[in-house]
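Architecture and fold: a report
Here is how the chains run, residue by residue.
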Amino acid sequence: MKTAGILLAGGLSRRFGSPKAFASWQGRQFYERSIDAIGQLCEELVIVTRQELVDRFPKELHVVTDIEPFVGDGPLAGILSGMEAIEADRYIVLPCDMPFTTEEVMRELIRRHHGGVTAVEVDGKRHPLCSIWDASVKKGLRNALENGQRRVMIVQENHGVRWIDGHELTKNARIAFENVNTPDILERS
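Predicted model only: the values in this text are computed from it and were never measured.

For the pair helix 2 (residues 75–85) and helix 4 (residues 138–146), the least separation of the axes is 10 Å and the interaxial angle reads 135 degrees. Comparing their axes, helix 4 and helix 2 come out oblique. When the axes of helix 2 and helix 4 are compared, the crossing they make is left-handed. From helix 2, Leu-76, Ala-77, Ile-79, Leu-80, Met-83 and Glu-84 reach across to helix 4, where they touch Lys-138, Leu-141, Arg-142 and Leu-145. Considered class by class, the residues forming the contact of helix 2 with helix 4 number seven nonpolar, no polar and three charged.

Following this line, the structure appears as structure tokens:
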């Protein structure tokens, strides 16, 4: 079974103030920390970003932008674009703004994936972008975007998403799945 990684690094970062992919914590940029978390778990990895950020990533990385006609249609478009860039049986999806997630946590999430879509929930808060997607959902994902549906959780629900309690994946779930949307979160960590 081929596993591919999709690193979502194309958000507008309005609240953060600058592209989060290139923010640093403990000497590593967010995108590097995300690669650390999923890179060894997949045969191939693709970074999906905005056109204006492509050249900021090292040339040796596989970096793409959203496919037409879904440019700028949010994370769902990024997931589909990653799936189109690499053929695989399943995809590990991770947003670059979860820099505290580790390889051990993601390995455990994969272990608990049993088809369709698997995502994380911590203390009632769902984290749909920290997820595993089977290739079989690609057609439904494309159909959703073609019909104007851009909400990740709705598409996941349509594919019978299985929500995994983050506390079952790590004793530090609140930290591991922290979305860094503002710089002050880094100061607290």
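Next comes the rest of the write-up.
Our next topic: helix 1 (residues 30–38). Of the positions making up helix 1, those classed as buried are Phe-30, Tyr-31, Arg-33, Ser-34, Ala-37 and Ile-38. Down the axis of helix 1, the smallest arc covering the buried residues is 160 degrees, so these residues share one side.

Across all of its chains, the model carries 15 salt bridges by this definition. With its nearest N and O atoms 2.6 Å apart, the salt bridge here joins Arg-111 to Glu-108. A residue pair is termed a helical-turn pair when its members lie 3 or 4 positions apart in one helix, as Arg-111 and Glu-108 do in helix 3 (residues 103–111) at three residues. The residue Asp-123 makes a salt bridge to Arg-174 at a minimum N-O spacing of 2.6 Å. Of this pair, Asp-123 sits in the loop between strand 7 (117–122) and strand 8 (125–134) while Arg-174 is found in helix 6 (residues 173–176), placing the two residues 51 residues apart along the sequence. With a relative accessible area of 48%, Asp-123 lands in the partly exposed category. Within the structure, one salt-bridge network assembled from shared partners comprises Glu-108, Arg-111, Arg-112 and Glu-168.

Moving on, we get to the packing of aromatic side chains. Overall, the coordinates contain four aromatic pairs when judged by the stated rule. An angle of 65 degrees between the planes, with centres 5.8 Å apart, marks the rings of Phe-22 and Tyr-31 as edge-to-face. For Phe-22, a relative accessible area of 10% puts it in the buried group. Ring-pair connections join several aromatic residues into one group, and the members of that group are Phe-22, Tyr-31 and Phe-57. Taking NZ or CZ as reference, Arg-56 lies 4.2 Å from the ring centre of Phe-22, over its face.

Now for the nonpolar core. The biggest cluster of nonpolar side chains holds 31 residues, and the ones touching the most others in it are Ile-47, Phe-57, Ile-92, Met-106, Leu-109, Cys-130 and Phe-177. Of all elements in the fold, only helix 1, strand 4 (44–49), strand 6 (90–95), helix 3, strand 7, strand 8 and helix 6 reach the threshold of two or more residues within this core. Sorting elements by how many residues they give to this core places helix 3 first, with four residues. Those residues in contact with Cys-130 that lie beyond four places of it in its chain are Val-93, Leu-94, Pro-95, Met-98, Met-106, Leu-109, Thr-118, Ala-119, Val-120 and Phe-177.

Calculation notes
Residues numbered from 1 in each chain as written. Predicted model: local features only at pLDDT ≥ 70, side-chain atom pairs only at ≥ 80, totals over all residues. Heavy atoms only, no water. Axes fitted to C-alpha atoms, helices over the stretch in contact; angles between N-to-C directions. Helix = DSSP H or I, 4+ residues; strand = E, 2+ residues; numbered from the N terminus. Parallel < 35°, antiparallel > 145°, perpendicular 65-115°, else oblique. Left-handed = near helix turned anticlockwise from the far one by under 90°. Contact = heavy atoms within 4.5 Å. Nonpolar A, V, L, I, M, F, W, Y, C, P; charged D, E, K, R; others polar. Buried < 20%, exposed > 50% of the residue type's maximum accessible area, 1.4 Å probe, protein only. Arc of directions from axis to C-beta. Salt bridge = Lys/Arg side-chain N within 4 Å of Asp/Glu carboxyl O. Phe/Tyr/Trp six-rings, centres within 6.5 Å; stacked < 30°, edge-to-face > 60°. Lys NZ or Arg CZ within 6 Å of the ring centre and 35° of its normal. Core = buried A, V, L, I, M, F, W, Y, C linked by side-chain atoms within 4.5 Å.

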